[in-house]
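# Chains, contacts and geometry: an overview
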Amino acid sequence: MHRRVLRYLAILIVTGFCATTAQALRPKDGRDTITEGHRIYDRACVWCHGTEGKGDGPSGWSIGRYAAPRPRDFTAESYKLRSTPSGELPTDQDLFRTITQGIPGFMPSYRSLNEQERWQVIAYLKSLNPAFEQEQPTPMVLPSPPLFPSGNGITNGRALYAKYECRTCHGDNGAGDGPESKAGHLRDAYNLPITATDLTDPSSFKNGATPHDLYRSIMTGLDGTPMPAYADQFAGQEEAAWDLVWYLQSLSGQPGR
Amino acid sequence: MKPILLTVTLCVMLGPSALLRAESPMSTLVGRITYPGPIESGQVVAVTRDSSFCGTTTAIHTVTVNAKTRGLQGAVVSIDDNTVPAADFPRRPLVLTNTRCAFSPRIVAGEVGQQLEIRNDDPVMHNTHISMGPRTFVNVAMIPASRPVEKPLKQPGIYLVQCDAHKFMRATMVAFTHPFFSVTDDTGAFQIAQLTPGEHLVTVWHDTLGTFQQRVTIPARGEVTITIEYPAHVDANKK
Amino acid sequence: MGRHRVPVRRNRVAIEREKDTDLRTHSIGATIVQTVAGLFVVISGTYDMSVQTAEAIPAFARKYALNCTTCHTAPPQLNTFGERFLENGYQLPGTEDGGITGKKNLGDLSLDDFAHYTGVRLRGNVLRAHNFKQQNPPGAESGTVQNKSELGFPEVFSLFTAGTLSKDMGFFAEMESNLEEGATGIERAFITFNNVGGENIANIRIGKLDPSAVFSFSTLRQQLEFIGESTNSSTDAVQRAGLFPLATAAKFYGLRDRSGTVISPYAPSLYNAVAETGVEVRGRPFGDWFMYQVGVLNGSNEGFGDSNKGKDFYGAIRLDYARSANFSASLSGFAYLGNSNATVFDGTRNVDANWNRYGAAAHLRYKMLDLHGMYTLDRITHAPTAALSNFDTTASGVTVALDAYVTNRTLLSLRYDNMDAGGDLTQRTSQTFAGMQIKHYLRSNVALYARHDLNLRRAEEGNAAARNLRHAVFVGIDISY
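Heads up: these notes are all about the structure in this document.

Conventions and cut-offs
- Residues numbered from 1 in each chain as written.
- Chains lettered and ligands numbered in written order.
- Predicted model: local features only at pLDDT ≥ 70, side-chain atom pairs only at ≥ 80, totals over all residues.
- Heavy atoms only, no water.
- Helix = DSSP H or I, 4+ residues; strand = E, 2+ residues; numbered from the N terminus.
- Buried < 20%, exposed > 50% of the residue type's maximum accessible area, 1.4 Å probe, protein only.
- Contact = heavy atoms within 4.5 Å.
- Disulfide = S-S within 2.5 Å.
- Buried area = accessible area lost by both parts, 1.4 Å probe.
- Salt bridge = Lys/Arg side-chain N within 4 Å of Asp/Glu carboxyl O.
- Polar contact = N/O pair within 3.5 Å; in protein donor to acceptor, adjacent residues only side chain to side chain.
- Nonpolar A, V, L, I, M, F, W, Y, C, P; charged D, E, K, R; others polar.
- Pairing = 2+ DSSP bridges.
- Axes fitted to C-alpha atoms, helices over the stretch in contact; angles between N-to-C directions.
- Left-handed = near helix turned anticlockwise from the far one by under 90°.
- Parallel < 35°, antiparallel > 145°, perpendicular 65-115°, else oblique.
- Patch = residues over 30% accessible without salt bridge, like charges linked within 9 Å, V, L, I, M, F, W, Y side chains within 5 Å.
- Areas by Shrake-Rupley, 256 points an atom, 1.4 Å probe, with all protein chains shown as cover.

## Concerning the overall build of chain A
Scanning chain A for helices and strands turns up 13 helices and 0 strands. Counting helices and strands in the order they occur from the N terminus, chain A gives α-α-α-α-α-α-α-α-α-α-α-α-α. When the 257 residues of chain A are sorted by exposure, 54% land in the buried category. Taking the intrachain contacts of chain A between residues at least 6 apart in sequence as the baseline, contacts between residues at least 24 apart amount to 56%.

## So, the state of the cysteines
Every disulfide links exactly two cysteines, by a covalent bond between their sulfur atoms. Within this structure, the stated rule accounts for 1 disulfide over all chains. Each disulfide pairs two cysteine sulfurs, and for B:Cys54 the partner residue is B:Cys101, the sulfurs being separated by 1.8 Å. Here the disulfide of B:Cys54 and B:Cys101 is left-handed, its torsion about the S-S bond being about -55°. Of this pair, B:Cys54 sits in helix α2 (residues 51–54) while B:Cys101 sits in the loop between β5 (94–99) and β6 (102–104); the two residues are 47 residues apart in sequence, bridging distant segments of the chain. With respect to class, B:Cys54 is no different from B:Cys101; both count as buried. With no disulfide of its own, A:Cys166 lies 8.9 Å from the sulfur of A:Cys169, the closest cysteine sulfur. Its relative accessible area of 14% is what places A:Cys166 among the buried residues. Of all cysteine sulfurs in the structure, the one in C:Cys71 sits closest to C:Cys68, which takes part in no disulfide; the separation is 9.5 Å.

## Section: the interface of chain C and chain A
With 35 residues of chain C at the contact, the number on the chain A side is 34 residues. Buried surface at the junction of chain C and chain A, summed over both partners, amounts to about 3000 Å²; 55% is from carbon and sulfur atoms. The interface formed by chain C and chain A includes 2 salt bridges. Among the salt bridges present, the one from A:Arg43 reaches C:Glu199, with a minimum N-O distance of 2.8 Å. On the surface where chain C and chain A come into contact, there are 17 residue pairs in polar contact (both at pLDDT 80 or more). When residues of the side of chain C that touches chain A are traced back to their parent elements, those giving at least two are β1 (72–74), α4 (80–87), β14 (312–324), β15 (327–337) and β20 (394–407) of chain C. Partitioning the side of chain C that touches chain A into residue classes produces 13 nonpolar, 16 polar and 6 charged.

## What about the pairing of strand β7 (residues 107–111) of chain B?
Residues and elements named next belong to chain B. β7 sits mainly inside the fold: 5 of its 5 residues count as buried. Side chains Ile107, Ala109 and Glu111 of β7 all project onto a buried face; the interleaved residues Val108 and Gly110 project onto the opposite face, where all are buried too. The sheet contact formed by β7 and strand β13 (residues 170–176) spans 5 bridges and is parallel. Note on β13: the bridge partner recorded for glycine 110 is alanine 175.

## Description of the sheet that holds strand β4 (residues 76–79) of chain B
Residue and element names in this part refer to chain B. Across the sheet, 4 strands lie side by side as β14-β4-β16-β17; this open sheet has antiparallel pairing. Edge positions in the sheet fall to β14 (181–183) and β17 (210–218), since each has one partner strand and no second. Shown here is a sheet whose adjacent strand axes are inclined to one another by a mean of 20°, direction ignored. In this structure, β4 lies alongside β14, joined through 3 bridges in antiparallel fashion. Each residue of the ladder has a partner; that of valine 77, found in β14, is serine 182.

## Points about the interface of chain A and chain B
Across the contact, 30 residues belong to chain A and 24 residues belong to chain B. Of the roughly 2300 Å² buried at the junction of chain A and chain B (both faces included), carbon and sulfur atoms supply 45%. If you sort the residues of chain A by the area they bury against chain B, A:Glu165, A:Asp232 and A:Gln233 come out on top, with a joint share of 21%. Summed over the shared surface of chain A and chain B, the result is 4 salt bridges. Viewed at the interface, chain B and chain A are joined by 20 residue pairs in polar contact (both at pLDDT 80 or more). Of all the secondary-structure elements, those providing two or more residues to the side of chain A that touches chain B are α7 (131–134) and α12 (231–234) of chain A. Looking at side-chain class alone, the side of chain A that touches chain B contains 12 nonpolar, 9 polar and 9 charged residues.

## Comments concerning the sheet that holds strand β11 (residues 149–152) of chain B
Residue and element names in this part refer to chain B. The strand order across the open sheet formed by 4 strands is β6-β5-β8-β11, and the pairing between neighbours is mixed. Both edges of this open sheet fall to β6 and β11, since each of them pairs with a single strand only. Neighbouring strand axes in the sheet, compared pairwise and without regard to direction, differ in orientation by 20° on average. Pairing between β5 and β6: 3 bridges, direction antiparallel. Bridge pairing links threonine 97 to serine 104 in β6.

## A word on the pattern of salt bridges
Evaluated as defined, the whole model comprises 51 salt bridges over all chains. In this structure, B:Arg119 and B:Glu117 form a salt bridge, with 2.4 Å as the shortest nitrogen-oxygen distance. In this structure B:Arg119 comes out as partly exposed when scored by relative accessible area, which is 34%. Here C:Arg123 and C:Glu225 are joined by a salt bridge, their closest N and O atoms 3.5 Å apart. Here the residue C:Arg123 occupies a position in strand β3 (residues 118–132), and C:Glu225 occupies one in the loop between β8 (202–209) and β9 (230–231), the gap between them amounting to 102 residues. Overlapping salt bridges, with partners in common, bring together C:Glu83, C:Arg84, C:Glu87, C:Arg284, C:Asp288, C:Arg318, C:Asp320, C:Arg365 and C:Asp370 in one network.

## Quick look at the packing of helix α11 (residues 211–220) of chain A against helix α13 (residues 238–251) of chain A
Residues and elements named next belong to chain A. Closest axis-to-axis distance for the α11/α13 pair is 9 Å, and the angle between their directions is 120°. Of the two elements, α11 crosses α13, and the hand of that crossing is right-handed. Contacts between α11 and α13 involve Pro211, His212, Leu214, Tyr215, Ile218 and Met219 on the former and, on the latter, Glu238, Ala241, Trp242, Leu244, Val245, Trp246, Leu248 and Gln249.

## Details of the packing of helix α5 (residues 92–101) of chain A against helix α6 (residues 115–127) of chain A
Axis angle and axis distance: for two packed helices, these are the angle between their axes and the distance between the axes, and together they describe the pair. Residues and elements named next belong to chain A. Here α5 crosses α6 at 120°, and the two axes come no closer than 10 Å. What the angle tells us is that α5 and α6 run oblique. Where α5 crosses over α6, the handedness of that crossing is right-handed. Residues Asp92, Gln93, Leu95, Phe96, Ile99 and Thr100 of α5 touch α6, and the partners they reach there are Glu115, Arg118, Trp119, Val121, Ile122, Leu125 and Lys126.

## Points about unusual backbone geometry
Between B:Ser104 and the following residue, B:Pro105, the backbone shows a cis peptide bond with an omega angle of -5°. As for its placement among the helices and strands, B:Pro105 is situated in the loop between β6 and β7. Backbone torsion omega between C:Phe153 and C:Pro154 reads -5°, so that peptide bond is classified as cis. In this structure, C:Pro154 sits in the loop between β4 (148–151) and β5 (156–166). The phi torsion at B:Arg70 lies on the positive side, around 60°, for a residue other than glycine. Mapped onto the fold, B:Arg70 is located in the loop between β3 (57–60) and β4. Residues other than glycine seldom take positive phi values, yet C:Lys251 does so here, at roughly 70°. Within the secondary structure, C:Lys251 is located in the loop between β10 (238–240) and β11 (252–253).

## Digging into a nonpolar patch on the surface
A cluster of nonpolar residues, C:Leu364, C:Leu371, C:Val400, C:Tyr416 and C:Leu456, forms a patch on the protein surface that exposes about 390 Å² of accessible area. Mapping C:Leu456 onto the fold places it in the loop between β24 (446–455) and α7 (465–468).

So, in structure tokens, the structure goes:
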């Protein structure tokens, strides 16, 4: 009995310590945090995202040149990489994930900024768009992947790939060479040509390549691009979305599940 | 004593809107927007996808004028300076349907807070991509026979409605912070109710022809009928 | 980058003699030019269609999982972000990421990890054609100065290894095999210590380094590759003009290094050298707008076993503006003070002289446009008066280059080069060339190019090499992985 109490006490202390540490690393929102975030932004982010955060930094143009993507305009634009429904702003966690993981091909991972610095930058980014004060982005329910795919996971996924016309943009074999992509019809929010993601190359997935990432991309869509949200189509049958995820993973030679 | 208290309480509860509504005479503006310019036959574009259902070509009408009345269809008429507070919600959802590879209606107008309901009646997949400038309002996949997608309007302004899968599909959605607006029908007619008497500024907006404004005097009570001719010189970029 | 080493010029001539036996006549040459050019058009056309959607993640970008254009406007030219990444010792600007992948035990290393630190570049002219006013002029070795086309690929293969050993400690090494120069070896190799004394206070480089790496005009980042000159193996006279960014060049005829070997007037040298051995410190202690740079080198063409009496010193400042939309600009100035870093022949022997250089450069970038240029002024001082009766101690050079993306995959480059040559009055000839190049990227790391250089002084008198070469055409490939 005594030992049990001690164990609980120990767990409580450790949990409490972790909680306070996590809390301590995330600075309180406020003027000081934003100012510090601005200072970091001016050293690390300004080159692509620009002095005013409009995505027009001195190096911004060369990234996409005459095609998408350009660096994010923090003052008005939508965010592609979110856990929130289409049209909503991202959560702070979403912004933290993007800064930490980077965007393959286009933005480096800034995990070299410590956690506190990343939160400070996020506070500054949010201060650039007044919409963050008016809206409260709420993440969608994004469950963990099931431990095992259903028996016909990949087959079902292939059927959904056809049913949801993923091939239109991503191509029959997922190589990003669907008819709309090949014809150059796809455009981003600035009417810049954009190509569909090559689903056979997970290292190029902007929103991440884990099953959870794929599920999130399918459900939320990538705002500012032609990739729509499928959450409403999967409503009530979310488990089917995992079959599509397994199929997408099978295209890339990643371990199927 | 008691009845007075009750009246005061009632007044406070109902708020100034109820009082205004009870006291002010309300008028309705009925009118027609006409367009003196030539009637376009529409630009014919090739359909590259789902041609078995959508057809091989489609005509895009940017300016639709009724041959009989010269009425301009799809103009959005609004009065922003009406002092009557907006009616309470819920209003009926605003419906935007993907039908026969086109958006119907092509011009929708709604009020902030109102639900937009997106439907797909077609046997082919569409994606309804609505945005204002660089900000996406919603971009949802609409597979055949899917249930409607609903989303409340949040920001006033002019939204572009597109289908990325069918590039020729275009529509416009206009959101207001008040209910004093109307979209002209196929004869060019519109109607705006609940207007206070006096002079009002009527704003007419058309997605191709642009914006112009005109002052209108609304009499106390009743209905006033006007015909407004769209000036040919309106700058299309002044949206 | 078609490096230039003075001591190997004899090999070059030998190679040219071998090549010479293949294609002699102009008509055959013209046919070859047309055939190869046509082939390139077909390759670029068909390849374009098949890989329209493919974007590679090449070379060093692997480590950070980025495309080339995150750091480069068009490789090897850097954009502003790339410049700050370089200055920060191969760490993301504003951070001390130490290479981000972290330290690994040897047992954990995979081929991928190795690839994070190594890159290769293979480039060269599949076809090169020179056209002369006077064929085989007197004094030229047989076959070196006549209208002809040559096939040859690759000319230069480079193996880079670079990165960070730990936080704020980096390294860079480049091994190059240059077929044209017949040389293989370490081109540059140095280690870096960064953010010493605080963020951007002092960044130190030690080793065989290129001093102009962080200047507004960097010698090694030109879109138009170096095209080596040809010199007579017995008289050291230039037979065929070289095509270089002439502001970086030595610009003196008859100037010798301390071992008595004639320094080519085309050799990028002093502050603008490809690599010299020394130490430098630079930083931006007052913010991004100002950079200082000071360095000390063994001297011109002095590697190990420095025979120099003294060291060479250089200092540079650079002013930056990068606060407007899609625009950045920089202005730089340098002074390079040589200390017995060259010799002049006084009639009987080679006597020490100081070879100094002063230069100013500007760099402007706006969206698809990248404009950069440099002016340099060279002076020989402390030379014996006996040697100067027939020797001009002053030389200057100008290079202005404009690169522009005309489409998403096509880069147009224009370059103007002028050298007001100094040195031996009997040999020295000034030179002005204009170059134009179209480079088409099949993928972000594979490019084909066609280039034309035109002698703007070809109507002037004299048959010196700088006048005799009328124009030249090059078609080549540039691959980085």
